[in-house]
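An overview of the molecular structure
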Amino acid sequence: MMRAAWLMLCKDLRLFVRDRVALLLAVALPLVLVTVFGAVMANIGGGSSGMPAVELTVFDADGSAASAELLAALAAVDGLELEHAPAGSTREALRDAVHDGDATFVLIIPAGYAEGKDLELLRDPGDTLGQQLLSIGLLRALFATQGPDLAWDVQRRVLASAGIPESWMARVDGFTLPFRAAMEAMFADAEAAGLLDDGEAAAAGDGAEDGARDAEAEPDGLAGGAGEGARPDTAAGAAADGGAADIDFQQLMTAMLPLTTEDVLPEGRDAQITYQVSHAVSGMTVMMLMFSLMGYARGLLEERDAGTLRRLLVAPIDPRAVLFSKFLGAALLGLVLTAMLFVYAALLFDLDVASRWDTLLVVSAATAASVTGFVLLIAVLAKSDKQADGLSTLLILVMSSVGGAWVPLILMPPVVRQIARFTLPYWSIDAYQGSFWYGQHWTDAPMLRNLGVMLALAVTLTAAAAIVFRRRYLNP
Amino acid sequence: MSAAGPGGAHGASAAEQALGSAGATRAATGALLEVRDLAYSYGERKAVDGLSFEVRRGEIFGLLGPNGAGKTTAIGCLCGLLRPAAGQLRFDGQPFEPSRHPSQRARLGVVPQELALYDGLTARENLRFFGGLYGVADLGVEVERGIELAGLVARADDRVKTFSGGMKRRLNLAAALLADPALLLLDEPMVGVDPQSRHHILESIERQADDGRAVLYTSHAMDEVQRLCDRLAIVDHGRLVGTGSASQLASQAGLAGADLEQTFLALTGHSLRDGASA
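For clarity, every value in this text was computed on a predicted model and none was experimentally measured.

Structural notes on the overall build of chain A
Scanning chain A from N- to C-terminus turns up 20 helices and 5 strands. Counting over 476 residues, chain A shows a buried share of 51%. Across chain A, the fraction of contacts at a sequence separation of at least 24, relative to all contacts at a separation of at least 6, is 79%. Only carbon and sulfur atoms are counted for the fraction: they give 61% of the accessible area of chain A, which is about 20200 Å².

If you want it as structure tokens, here you go:
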């Protein structure tokens, strides 16, 4: 069987390479899409409309009423999904969680928070999209719990970060106190009128805007002293609007909020790439792989229509070799295409491919195998070229969009994230991201889970294709 | 073995050896392929229903029938593409189950109805590929022989998609002959060819029989069949309605001296089914 499969494989690949249109579609289209999506996703600065949610792991080391109030406020923010770290977690363990990719953001409420100690945020710095969503959520929660006090605190922090001496703060307090008193009275009135009961977040948002406008109204000498990188009005505006493109939220949040931030970068990750770029490259690679390999698998239908399949099936060979050769050819082509796309992405986006080549090879092999099983099943199920085209295009586009190939799943509603797990691209993209983003090796547990699912899909889909092939073409 | 059917029993009698109006130059020897009570159904529809005949070494045996009569299904069973629901096949005296035993197909050369060639490959590459599948020894020599047989020496390295219909048909036949088969199954191999190619192919087929191969030939072209075939079987609705030489068939149909087309129409046409054969 191997000899016959090898002969047919060589023949198929030769025919594929000679079909210039198919070759162009298989090679050029993925490159164009990777370029476009990579560039677009790299420049996404925000865009929160309230629907997306970011997972935030929280750990309350303070255990005070203030910390409980903050946690409640965070839980009330639509854009955040809180996960409580186990009691007794150490800071090191929490840091490891970010390092290993188990968590992207960890907020530690330190002992002494109620007395004014700053919050601590451990974060994966590359997830700029999640970071901006988190910024909005944190601002809302903090304003909700601290009211106008936060605005004054932010103001002092911004001025301090801009170099204004502490001794000058009294001067600031001097001319802002009347306004502060008016603001506090307004908040008290609003609370008494019940306006804050079911709309704390919105009120807090308004407060942020008020605070921002107030900061903007500062005398020229102080406002100008705040510097370019930490303008409170910009921060509040970004929070209220849902994002501006060129804001360094890390600087901004550190300057504005009672928060210290530590970036936890997994080993081996190129700090220059962003989550969106690696995601776009992974997503487009998987989607285009499905399209390209479908083109290859359609060769089975072309062989059937041309009569060559009949000729193969009456040759003195194991008929299973026909399908096996298609599997080998498609899988091999898939490996070559993914390698080509990653090399291209490495050149274009500085994606570090070389240092993780072994993991990428294993993931690509599993991806190619599972995608091959999928396209073979479509090819044997379809009764015509048109059927194959229609069915494959529909399934590939739906699976790609739901499975997170187009946009990160963080931008999807929770129900879609659950559905995504039933799609083929999800596991592949997750595995690629595990390598690119979290620096996981293919022997790491999360990666083995993804590989296992992909291989199970490959076996199941290929077996199904073999059964249909047998029923349809062998002794029908 | 004798073939039994509605047209009567036909052993290897002297009368049957008489070739009537069909080609009379070959002397067929013993049966190579024996088909007895072959049956195959697509669901409820019986495509082949108790078909029996034999094909002898050195003869060209024609399998005729209207569209949908079961010819292609019967060939599918003979070449292993379909597994018969009933009946027995013997090849060279041995049980023959090509659908179960792929190695048994090595003795068959199949020319399907379609131009079963790869358009993107050259003539030489096509032959090399199919020869490789059949495990042809001395493949290079056989490929060149095939190129010559197809009359494509000057175009051997051109891609098939640049060929005319006739060139493709010739190559189609050459591909089936690469492995030196004992039995050649030709399923309407002459569709869409010009007179020159047709003549070339017919001569090639006759040469195969002259060389001692058994040839099973299906076609709708009565003149081809009449020129080429030593014996014929006419099938309709999956059943054998007549077998023998063209003249014997004419006699069976009560049309002594009639040409094959008249005989065919008499045996398969509307009048027969309405009892005209009585």
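Points about the overall build of chain B
Each helix and strand in chain B was counted, giving 10 helices and 10 strands. Counting across all 278 residues of chain B, residues that qualify as buried make up 56%. Relative to all contacts within chain B whose residues are 6 or more apart in sequence, the contacts with residues 24 or more apart total 68%. For chain B, the exposed surface amounts to about 10900 Å²; the carbon and sulfur share of it is 49%.

Focus on unusual backbone geometry
All names here are of chain B. Even without a glycine there, the phi angle at Asp138 is positive, about 55°. By the secondary structure assignment, Asp138 is in the loop between α3 (123-133) and α4 (139-149). You will see that His237, though not glycine, has its phi angle at about 50°, which is positive. The exposure class of His237 is exposed, given its relative accessible area of 52%.

Re the interface of chain A and chain B
With 24 residues of chain A at the interface, the matching set in chain B holds 36 residues. The contact between chain A and chain B buries some 2600 Å² in all, and 59% of this surface belongs to carbon and sulfur atoms. Taken together, the connections running from chain A to chain B amount to 1 salt bridge. Put simply, B:Glu125 and A:Arg14 hold a salt bridge, and the shortest N to O gap is 3.5 Å. Where chain A packs against chain B, one counts 9 residue pairs in polar contact (both at pLDDT 80 or more). Listed by contribution, the elements that provide at least two residues to the side of chain A that touches chain B are α1 (2-18), α13 (299-306) and α14 (308-313) of chain A. By residue number, the principal contributor to the side of chain A that touches chain B is α1(A), which donates 8 residues. Broken down by class, the residue content of the side of chain A that touches chain B amounts to 14 nonpolar, 3 polar and 7 charged.

Observations concerning empty space enclosed by the protein
Gaps between atoms show up when a probe of the same size as a water molecule is rolled over them. This model, assessed by the stated rule, comprises 4 cavities of 30 Å³ or more. When its volume is computed, the second largest cavity comes out at roughly 60 Å³. The wall of the second largest cavity is formed by A:Arg311, B:Leu108, B:Gly109, B:Val110, B:Phe130, B:Tyr134, B:Ala175, B:Ala176, B:Leu178, B:Ala179 and B:Pro181. Breaking the lining of the second largest cavity down by element, the ones donating at least two residues are β6 (108-111) and α5 (165-177) of chain B. It is β6(B) that provides the largest number of residues to the lining of the second largest cavity, a total of 3 residues. Here the lining of the second largest cavity is built from residues that sort into 9 nonpolar, 1 polar and 1 charged.

Some words on the nonpolar core
Counting 162 residues, the largest nonpolar core has B:Leu133, B:Ile205 and B:Tyr217 as its most contacted members. Those residues within four positions of B:Leu133 in sequence are excluded, and the remaining contacts are A:Arg3, A:Ala4, A:Leu7, A:Met8, A:Leu312, A:Ala315, A:Pro316 and A:Ile317. Counting 31 residues, the second largest nonpolar core, distinct from the first, contains A:Val77, A:Leu133, A:Ala141 and A:Leu150.

Quick word on the packing of aromatic side chains
The full count for this structure, using the stated rule, is 10 aromatic pairs over all chains. Put simply, the rings of A:Phe342, A:Tyr432 and A:Phe436 touch in pairs and so form one group of aromatic residues. The ring of B:Phe130 carries the charged tip of A:Arg311 above its face, separated from the ring centre by 5.2 Å.

Some thoughts on the sheet that holds strand β2 (residues 45-56) of chain B
Residue and element names in this part refer to chain B. Across the sheet, 4 strands lie side by side as β2-β1-β4-β5; this open sheet has antiparallel pairing. The outermost strands of the open sheet, each flanked by one partner alone, are β2 and β5 (94-95). Packing against the sheet, helix α2 (residues 71-79) makes contact with β1 (31-42), β2 and β4 (86-91), and its axis sits at approximately 120° to β1.

What to know about a negative patch on the surface
Residue and element names in this part refer to chain A. Taken together, Glu92, Asp96, Asp100, Asp102 and Asp444 make up a surface patch of like negative charges. Here Asp444 shows up in the loop between α19 (424-436) and α20 (445-473). Residue classification places Asp444 among the partly exposed residues on the basis of a relative accessible area of 30%.

Observations regarding the sheet that holds strand β3 (residues 105-109) of chain A
All names here are of chain A. The mixed open sheet is built from 5 strands, whose spatial order is β2-β1-β3-β4-β5. Unpaired on one side and paired on the other, β2 (80-84) and β5 (259-263) mark the two borders of the sheet. On average, each strand axis in the sheet is inclined to that of its neighbour by 25°, with strand direction left out of account. Direction of pairing for β3 relative to strand β4 (residues 119-123): antiparallel, over a ladder of 4 bridges. The partner of Val106 across the bridge, within β4, is Leu122. Packing against the sheet, helix α4 (residues 91-99) makes contact with β1 (54-60), β3, β4 and β5, and its axis sits at approximately 35° to β4.

Re the confidence of the model for chain A
Detailed reading of the predicted model is not advised wherever pLDDT is low. Residue and element names in this part refer to chain A. Per-residue pLDDT for chain A averages 77, and the proportion of residues at 70 or more is 79%. At the level of individual helices and strands, chain A shows its lowest average pLDDT in helix α9 (residues 220-225), which scores 32, and its highest in helix α16 (residues 357-381), which scores 95. Every residue in residues 43-51 is under pLDDT 50, and counting partners more than four places away or in other chains gives 15 contacts. When the criterion is pLDDT under 50, residues 198-247 qualifies, and its contacts beyond four places in sequence or with other chains add up to 66 contacts.

A word on the pattern of salt bridges
Enumeration according to the criterion identifies 30 salt bridges over all chains in this entry. Put simply, A:Lys11 and A:Asp12 hold a salt bridge, and the shortest N to O gap is 2.7 Å. A relative accessible area of 4% places A:Lys11 in the buried class. Residue classification places A:Asp12 among the buried residues on the basis of a relative accessible area of 7%. For the salt bridge of B:Asp49 with B:Arg239, the shortest nitrogen-to-oxygen distance reads 3.0 Å. Here B:Asp49 is found in strand β2, whereas its partner B:Arg239 is found in strand β10 (residues 239-244), with 190 residues between them in sequence. Residue classification places B:Asp49 among the partly exposed residues on the basis of a relative accessible area of 21%.

Some words on the side chain of A:Arg356
For A:Arg356, the position within the fold is in the loop between α15 (320-349) and α16. A polar atom in the side chain of A:Arg356 sits 2.5 Å from the backbone oxygen of A:Asp352.

Digging into the pairing of β6(B)
Residue and element names in this part refer to chain B. Burial along β6 is two-sided: the residues Leu108 and Val110 and Gly109 and Val111 are all buried. Of the pairings in the sheet, the one linking β6 to strand β7 (residues 183-187) comprises 4 bridges and is parallel in character. Counterpart to Leu108 in the pairing with β7 is Leu183.

What counts, and at which threshold
- Residues numbered from 1 in each chain as written.
- Chains lettered and ligands numbered in written order.
- Predicted model: local features only at pLDDT ≥ 70, side-chain atom pairs only at ≥ 80, totals over all residues.
- Heavy atoms only, no water.
- Helix = DSSP H or I, 4+ residues; strand = E, 2+ residues; numbered from the N terminus.
- Buried < 20%, exposed > 50% of the residue type's maximum accessible area, 1.4 Å probe, protein only.
- Contact = heavy atoms within 4.5 Å.
- Areas by Shrake-Rupley, 256 points an atom, 1.4 Å probe, with all protein chains shown as cover.
- Buried area = accessible area lost by both parts, 1.4 Å probe.
- Salt bridge = Lys/Arg side-chain N within 4 Å of Asp/Glu carboxyl O.
- Polar contact = N/O pair within 3.5 Å; in protein donor to acceptor, adjacent residues only side chain to side chain.
- Nonpolar A, V, L, I, M, F, W, Y, C, P; charged D, E, K, R; others polar.
- 1 Å grid on protein atoms, 1.4 Å probe; cavity = no way out; pocket = protein on both sides within 12 Å on 5 of 7 lines; lining within 4 Å.
- Points joined across faces, edges and corners; volume = space filled by probe spheres on them.
- Core = buried A, V, L, I, M, F, W, Y, C linked by side-chain atoms within 4.5 Å.
- Phe/Tyr/Trp six-rings, centres within 6.5 Å; stacked < 30°, edge-to-face > 60°.
- Lys NZ or Arg CZ within 6 Å of the ring centre and 35° of its normal.
- Pairing = 2+ DSSP bridges.
- Axes fitted to C-alpha atoms, helices over the stretch in contact; angles between N-to-C directions.
- Patch = residues over 30% accessible without salt bridge, like charges linked within 9 Å, V, L, I, M, F, W, Y side chains within 5 Å.
- Lys, Arg positive; Asp, Glu negative; His and termini not counted.
- Charge placed at Lys NZ, Arg CZ, Asp CG, Glu CD.
- pLDDT = per-residue confidence, 0-100.

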